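# Topology and contacts: notes
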Amino acid sequence: MAEPSTGHNLLHGLRLIDGGLASELEHLGARIDGPLWSAHVLEDQPELVVAVHRAYIEAGSECIATCSYQVSRMGYAEFGLPAERADAALLRSVELARSAAAEFPGHRVLVAASLGPYGAALHNGAEYHGNYDIAFADLVAFHRERIAVLAATPPALAPDLFAFETLPSMEEAKAIAEAIAPWPHLSAWFSFTCSDGRHVAHGEPLADVAAFVAALPQTVAIGVNCVPPRWVPSLIAELRSASDKPILVYPNSGEGWDAANRAWVGSTDPSDFGPLAREWFAAGAQIVGGCCRTRPAHIRDVSQSPVP
Ligand SMILES: [Zn+2]
């Protein structure tokens, strides 16, 4: 890690992360409909990844997440691709984020390595219920091999922290805790996706899962992402009850996914996001950002909202 000795102060003063990556890549013309969309873009159109990072930094993001949410050796192996190519994609995603941040020498921009749950590598939406057909030891191994690649990177090329995100269950939180245990000096945030205003997607109380990860030596923040904005105030209350760790929230835009028609329905006005974020800050969130369907305009609206 770039700053192993300052892990728990890493997020001091940070209040704004980035927004959705996939939808913005699509907006810039990237093909993201394949199961290895992030890999295709990382390898074939890296300039688009840098452009999205740049747009978020210009909008006010103080931390950007890498284009690696779905990158895994298992996912690559399904398409006959070697493990080394998955590992290279992970490192490339950090390199691209670093190069975007370097365009803003006067700004402190942290790079968070986005590591999605096992369900994200299955490409079947399993992260939204967390019922995996996998042994616990294999779940640990899935996470450890990605952590190991990034942990072995020289500091200048390493992420500042890991973003374990869209986590659905206590089981997956425990698997990551075991996977990362050999590296107590690393920094990580743990962010969960939820089924309502109180429970993670698999059904456990968010407060219980948050209390578990808050006790890990690597944890610098706990939070929720990929949830509707309307659940966020309740989820913040649950997170506050669990620990005194910094709280981060990066919900979706407010549109809903209509699975039957395979389309997003409803709409969101980015100018609603700033007022919502003010409520979340007031409720106890330290760090705000956006997940699916949020764009730089959403982040800019939060950036330009007065600090509560
Ligand atoms: Zn999302």
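Right, let's walk through the structure included here. Just so you know, these numbers come straight off a predicted model, no measurement behind them.

### Concerning the overall build of the protein chain
- In terms of helices and strands, the protein chain carries twelve helices and nine strands.
- Relative to its length of 308 residues, the protein chain is compact, with a C-alpha radius of gyration of 18 Å against a globular reference of 19 Å.
- Principal-axis analysis of the C-alpha atoms gives the protein chain an extent of 50 × 45 × 40 Å.
- The buried share among the 308 residues of the protein chain stands at 55%.

### Remarks on the coordination of the zinc ion
- At the metal site, the zinc ion is ligated by Cys226 (SG), Cys291 (SG) and Cys292 (SG), and these contacts range over 2.2 to 2.3 Å.
- Read N to C, the donor residues that coordinate the zinc ion are spaced as C-x64-C-C.

### Here's the deal with the pattern of salt bridges
- Tallied over the full model, the rule gives seven salt bridges.
- Taking the shortest distance from any N to any O, the salt bridge between Glu238 and Arg198 comes out at 3.5 Å. Here Arg198 lies in the loop between β4 (188-192) and α9 (206-214) and Glu238 lies in helix α10 (residues 232-242), a separation of 40 residues in the sequence.
- You can call Glu238 buried: its relative accessible area is 16%.

### Here's the deal with helix α3 (residues 46-59)
- Compared with the 20 Å implied by 1.5 Å per residue over 14 residues, the 20 Å span of α3 between its first and last C-alpha is a close match.
- Here α3 has its buried residues at Pro46, Leu48, Val49, Val50, Val52, His53, Ala55, Tyr56, Ile57 and Ala59.
- Two residues or fewer after α3 comes Gly60, characterised by a positive phi angle close to 120°.

### Re unusual backbone geometry
- In this structure, Thr166 takes a positive phi of about 55° despite not being glycine.
- Secondary-structure assignment places Thr166 in strand β3 (residues 161-167).
- Backbone geometry places Arg293, a non-glycine residue, at a positive phi of 70°.
- Among the structural elements, Arg293 can be located in the loop between β9 (287-288) and α12 (296-303).
- A residue is classified by how much of its surface remains accessible, and Arg293, at 29% relative accessible area, is partly exposed.

### Comments concerning helix α7 (residues 136-151)
- Relative to the 22 Å expected for 16 residues at 1.5 Å per residue, α7 spans 22 Å between its end C-alpha atoms, a close match to the ideal helical length.
- For α7, every residue scored as buried is listed here: Leu139, Val140, Phe142, His143, Arg146, Ile147, Val149 and Leu150.
- Its buried side turned inward, α7 meets α4 (73-77), α5 (83-101), β2 (110-115), α6 (118-122), β3 and α8 (170-180).

### Quick word on empty space enclosed by the protein
- In total, this model carries one cavity of 30 Å³ or more according to the counting rule given.
- One number sums up the size of the largest cavity: a volume of about 30 Å³.
- For the largest cavity, the full set of lining residues is Val71, Ser72, Arg73, Ala86, Asp87, Leu90, Glu145 and Arg146.
- Secondary-structure elements contributing two or more residues to the lining of the largest cavity are α5 and α7.
- The element that contributes the greatest number of residues to the lining of the largest cavity is α5, accounting for three residues.
- Split by residue class, the lining of the largest cavity holds three nonpolar, one polar and four charged.

### Side note on the pairing of β4
- The buried fraction of β4 is high, at five of five residues.
- Going residue by residue along β4, you find Ala188, Phe190 and Phe192 tucked away on one face and Trp189 and Ser191 tucked away on the opposite face as well.
- Examined bridge by bridge, β3 and β4 share four bridges and lie parallel to one another. In the sheet register, Ala163 faces β4, and the bridge partner there is Trp189.
- Remark: the β3/α8/β4 crossover connection has right-handed handedness.
- Here β4 runs beside strand β5 (residues 219-225); their pairing, made up of five bridges, is parallel. Looking at the pairing, Phe192 lines up with Val224 of β5.
- The parallel pair β4 and β5, bridged by α9, forms a crossover whose chirality is right-handed.

What counts as what
- Residues numbered from 1 in each chain as written.
- Predicted model: local features only at pLDDT ≥ 70, side-chain atom pairs only at ≥ 80, totals over all residues.
- Heavy atoms only, no water.
- Helix = DSSP H or I, 4+ residues; strand = E, 2+ residues; numbered from the N terminus.
- Rg over C-alpha atoms; globule rule 2.2 N^0.38 Å.
- Buried < 20%, exposed > 50% of the residue type's maximum accessible area, 1.4 Å probe, protein only.
- Donors = N, O, S within 2.8 Å, 3.2 Å for Na, K, Ca; no water.
- Salt bridge = Lys/Arg side-chain N within 4 Å of Asp/Glu carboxyl O.
- Expected span 1.5 Å × (residues − 1).
- Contact = heavy atoms within 4.5 Å.
- 1 Å grid on protein atoms, 1.4 Å probe; cavity = no way out; pocket = protein on both sides within 12 Å on 5 of 7 lines; lining within 4 Å.
- Points joined across faces, edges and corners; volume = space filled by probe spheres on them.
- Nonpolar A, V, L, I, M, F, W, Y, C, P; charged D, E, K, R; others polar.
- Pairing = 2+ DSSP bridges.
- Right-handed = clockwise from strand over helix to strand, strands pointing away.

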